[in-house]
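Results of the structural survey
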Amino acid sequence: MRASKGCTMANTRKVRVGLVAGGLGAYWPQFPDLLPQLQRSATRVSERMRELDAEIVDVGFISDAQEGAAAAERLRAADCDLIVGFLTTYMTATMLVPIAQRSGAPVLLINLQPTESMDHETFDTGQWLAYCGACPLPEMANAFQRCGIPFRSVSGYLEDKRAWTKIGGWVRAAAARAVLRHGRHGLMGHLYPGMLDVSTDLTLVPANFGGHVEVLEFDDLRVRVERVTDSEAADKRAETEKIFDFADSVNETDLDWACRVAVGLDRLVADFDLDSLAYYHRGLDGETHERLGAGMILGASLLTARGIPAAGEYELRTSLAMLIMDRLGAGGSFTEFQALDFLRGHVEMGHDGPAHLAISARKPLLRGLGVYHGKRGWGVSVEFDVRHGPVTAFGIIQRRGGEFAFLASEGETVDGPHLRIGNTTSRVDFGRDPGEWTDDWSATGMSHHWALGTGHRGAELKALAHLLDIDYIQI
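Here goes a summary of the coordinates provided. (Residues numbered from 1 in each chain as written. Predicted model: local features only at pLDDT ≥ 70, side-chain atom pairs only at ≥ 80, totals over all residues. Heavy atoms only, no water.)

**Things to note about the packing of aromatic side chains**
Which entries qualify depends on this criterion: Pairing of aromatic rings covers Phe, Tyr and Trp, the last through its six-membered ring, and needs centres within 6.5 Å; plane angles under 30 degrees mean stacked, over 60 mean edge-to-face, and all others mean tilted. Think of it in three bands: with a 1.4 Å probe and only protein chains considered, a residue is buried below 20% of the maximum accessible area for its type, exposed above 50%, and partly exposed in between.
Applying the stated criterion across every chain, the model contains 13 aromatic pairs. With 5.9 Å between their ring centres and 85 degrees between their planes, F144 and F151 make a pair best called edge-to-face. F151 carries the same exposure label as F144, and that label is buried. Site record: aromatic cluster; members linked through ring pairs are F337, F430, W437, W441 and W450.

Okay, here's the thing in C-alpha cells:
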C-alpha cells in the first residue's frame, strides 16, 4: 500500500500555478521607463496570485522567444496545474506558444493594464505601451487555436475586482482539476442491484479526469473494524457527541457499532490514500458485511465533512461530484429527489445516509432507525438540511459514447417543513415551477444522484469543464 496521508484531514496539496509575464524587448531601449513599470505590474500580479491560496512558480519577465523557451522548460519541469501568462504590453505569440506546448497545463492569459483608463492628455508613447496588453491577445488566440492549444483569458486592470474574481475562479477550477488528476478514489462493494443509471465504466474516470480508482472489498473494511479498540471507539463517540444532537431513538449498541466502523473507515482511507469513497453492500440476515454496510453512515459523514467525500449506493460519479464541490469550497452533500412542493414552489432533495456535515443549516441530528428503506440493516442515520442561502446542484453525466458532462443549476435553500425520518432534506427554490425544473433537469440524462453545495458555483464549474474539455450544461 501507499504511504498514508494520515486520518485527520484530506489531501491539502496546493494548486501549483506557473506565472510568466512578458513584453516586446524591442521597446526597452526605445522607452527606458517602460520595462521597470511593467515589472512593477508583474510583481503586483505575483502578489495577488499568492493571495489565492496557490503555490506560485514565478519564472519572471520574458522579452523575446529565447527567454520564452527557457521559461517553458522551467514550467515544464514544475508540473504546474495552470499556466498564467501576463500580457503587460505587446509581445509576439512565439514567446508564449512554446510555454503552452511544453507545460502540458491549461493556459490562462491575463491582460491587466495599470489603471482603469489612460491619462490621454499627458501620456507619451512609452506610457501608452504600458496599457497595451490587449493588443497581443487576439494574436495569442489565433496562434493557440492554430496550434491546437485551448486557452482562456481575463482582461481588466491591476486592481480590478471583477477581473480578480474571474482569475480566482480559474485558479479554484485548476485546483479541482488537480485533485481529479492526482486523486485516488475508492470503490467498495458492488452496484445496488438494478440501478443502471449509476453504474460507471471505471476506465472513463482516468479517461475523462485522470486519477485512479481503487477497487476495494468490504473485507478490507472488516479487518480494520475488527482491530478497533474500546478506547478508540470511545474517542470516536466523544467526537460524535460534540458534532451531533441525538434523537431519543439512538440505540447505544448501534451507536457503538457506528463509531467502530467510523474508526475502521479512517484507517481504510489512510491505508489506501483515498481522496473519495463510494460504497454499497446488500448483505443478508444481519451477517457482518450487512452490519458493516448499515454502520457506515456516521463514519462516511465525518469523512465527508473533513474533505474526503463518501457516497452510498456505489455512486462513484457522485462521490467525484462531491469532491469537486468540496474543493471549490461549496461542501457538496449526497443528494437525490425526495418530493416536489408545488404549494411553496420548492424542490425537496436530500438522501438517507452520508452527508456533508460542514454545510448543515444547524447542528446535525443523529437518529436511530429500525429499518433503512430500500436497504438491508438498521442503525443510526444523519438528519439535517443544507445551510440556507445560495446553493448549486451539480452532477456528472455519463453519456452513451463514454464522455462525461457536467450539469449544474443554481438556486436557494429556504426554510419550510421537513420530514423527521433520519434523512437529509433541503428545500431548494430554483425560481420557477418545480415540475418544469425537474423535467428539464432529468431530460439531460442525469442519473438520480448528485451533489448539493453552498454558493452559486456555475461559473467555477463551467471553468473546470473548460479545463477538462468536457461539456457543461446549466439548467
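Further notes follow.
**Some remarks on the side chain of T425**
Keep this limit in mind: Strands are runs of DSSP state E lasting at least two residues, helices are runs of H or I lasting at least four, and both sets are numbered from the N terminus onward. In this analysis, two residues are considered to be in contact whenever any of their non-hydrogen atoms come within 4.5 Å of each other.
Structurally, T425 can be placed in strand β17 (residues 423-429). If near-sequence neighbours (up to four positions away) are discounted, T425 is found in contact with Q338, E348, M349, G350, F384, D385 and H418.

**Brief notes about the environment of I110**
Within the fold, I110 resides in strand β4 (residues 107-113). Each C-alpha atom of the pair I110 and G85 lies 6.1 Å from the other, and the pair is 25 residues apart in sequence. Ignoring any residue separated from it by four or fewer positions in sequence, one finds I110 in contact with V45, V84, G85, F86, L87, V154 and I167.

**Comments concerning the sheet that holds strand β1 (residues 15-22)**
Applicable threshold: For two strands to be treated as a pair, DSSP must find at least two bridges joining them. Axis lines are fitted to C-alpha atoms, over the contacting stretch for helices. Their N-to-C directions set the angle, which ranges from 0 to 180 degrees.
With parallel pairing, the five strands of this open sheet are ordered in space as β2-β1-β3-β4-β5. Every interior strand has two partners, whereas the edge strands, β2 (54-62) and β5 (152-157), have only one. When strand polarity is set aside, the average angle formed by the axes of neighbouring strands in this sheet is 20 degrees. Together, β1, β2, β3 (82-87), β4 and β5 form the strand contacts of helix α7 (residues 161-182), whose direction differs from that of β5 by roughly 150 degrees.

**Digging into the environment of P206**
Tracing the chain through its elements places P206 in helix α8 (residues 204-208). Residue P206 is classed as partly exposed on the basis of its relative accessible area of 41%. With 34 residues separating them in the primary sequence, P206 and R172 have C-alpha atoms 20 Å apart.

**Some words on the pairing of strand β6 (residues 184-189)**
Consecutive side chains along a regular strand alternate between the two faces of the sheet. Across the six residues that make up β6, a large majority, five, are buried. Direction of pairing for β6 relative to strand β7 (residues 212-216): parallel, over a ladder of five bridges. Note on β7: the bridge partner recorded for H185 is V213.

**Focus on the packing of helix α9 (residues 218-226) against helix α11 (residues 252-271)**
Defined as follows: By convention, the crossing between two helices is left-handed when the near helix turns anticlockwise from the far helix through less than a right angle, and right-handed when the turn is clockwise.
Packing of α9 against α11 brings their axes to within 8 Å, and their N-to-C directions diverge by 120 degrees. Here α9 and α11 pass one another in a crossing that is right-handed. From α9, D220, L221, R224 and V225 reach across to α11, where they touch W257, R260, V261, G264, L265, R267, L268 and D271.

**Description of the sheet that holds strand β14 (residues 379-383)**
Strand order in the open sheet made by the three strands is β8-β13-β14, with mixed pairing throughout. Looking at the sheet topology across the chains shown, the edges are occupied by β8 (245-246) and β14. Pairing of β8 with strand β13 (residues 365-369) involves two bridges; the strand directions are parallel. Across the sheet, F246 pairs through a bridge with L366, a residue of β13. Each of β8, β13 and β14 is contacted by α11, which is oriented at about 75 degrees to β14, the strand it contacts most.

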